[in-house]
Amino acid sequence: MRELLKQIKADIMSTAILCILLGIMVMVWPTQTTKLLCWILAAILIVMGLSRIIAYLKDRMSGQFGLAAGIILFLLGAWILLYPLNFAKIFPIVIGVLLLMHGLEDIKMTMEAKAGGDSIWWALLVVSAVNLLLGIFLIWRAFAAVQIAMVLMGAALVYDGVTDLFAVYRVAKTVREAQKDIIDVEDEN
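Residues numbered from 1 in each chain as written. Predicted model: local features only at pLDDT ≥ 70, side-chain atom pairs only at ≥ 80, totals over all residues. Heavy atoms only, no water.

**Brief notes about the side chain of Asp 160**
Item 1. Secondary-structure assignment places Asp 160 in helix H7 (residues 146-188).
Item 2. Comment: no salt bridge for buried Asp 160; closest opposite-charge side chain is Lys 108, at 15 Å.
Item 3. Here Asp 160 is in contact with Cys 19, Leu 99, His 102, Asp 106 and Asn 131, once residues within four sequence places are set aside. (Helix = DSSP H or I, 4+ residues; strand = E, 2+ residues; numbered from the N terminus. Buried < 20%, exposed > 50% of the residue type's maximum accessible area, 1.4 Å probe, protein only. Lys, Arg positive; Asp, Glu negative; His and termini not counted. Salt bridge = Lys/Arg side-chain N within 4 Å of Asp/Glu carboxyl O. Contact = heavy atoms within 4.5 Å.)

Take a look at the structure:
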């Protein structure tokens, strides 16, 4: 059980650090980061599309769906490659959805901290609510200004990473205290 908790803690912390780093990149270089992420996605889609088309050409028994999916993936990738900033207009929506999901996960951790007796569980609830609000804001104002949304998205990612680290710290502290209490009770018996 202890190893599972360590693994979960390590996973959350590494995700939080990646969020912080990506958020800083997005805030410092919003247009360049947007283009780079779009180009990476475009390359992946083009390769996926070409592989499906080649698979269809090698084995025509695979069905028309494989060919159609390959063509659609290839064309979508090519469009993103040519017009990355047009495609980028949906980035705030995607990040907003991710923030909503993280906010819900943070609320779950808040309830665990509260159940474990954490004295400032309410602070976790506040930061979870802010995550949810940032997610809603990014979804709601996604098309208003991509450049501004990218900076806000970067700030939201940094905030999400920092609050996840805070939540992990508080939950880990609560678990350590609970384990210490169990050891103390066992020693008394």
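Next comes the rest of the write-up.
**Brief notes about the pattern of salt bridges**
Item 1. Inspection of the entire model under this criterion finds three salt bridges.
Item 2. Notably, a salt bridge pairs Lys 108 with Glu 112, separated by 3.6 Å at the nearest N-O pair. One end of the pair is Lys 108 and the other is Glu 112, both in helix H5 (residues 91-115) and four residues apart, which spans about a single turn.
Item 3. Lys 108 gets classed as exposed once you look at its relative accessible area, which sits at 54%.

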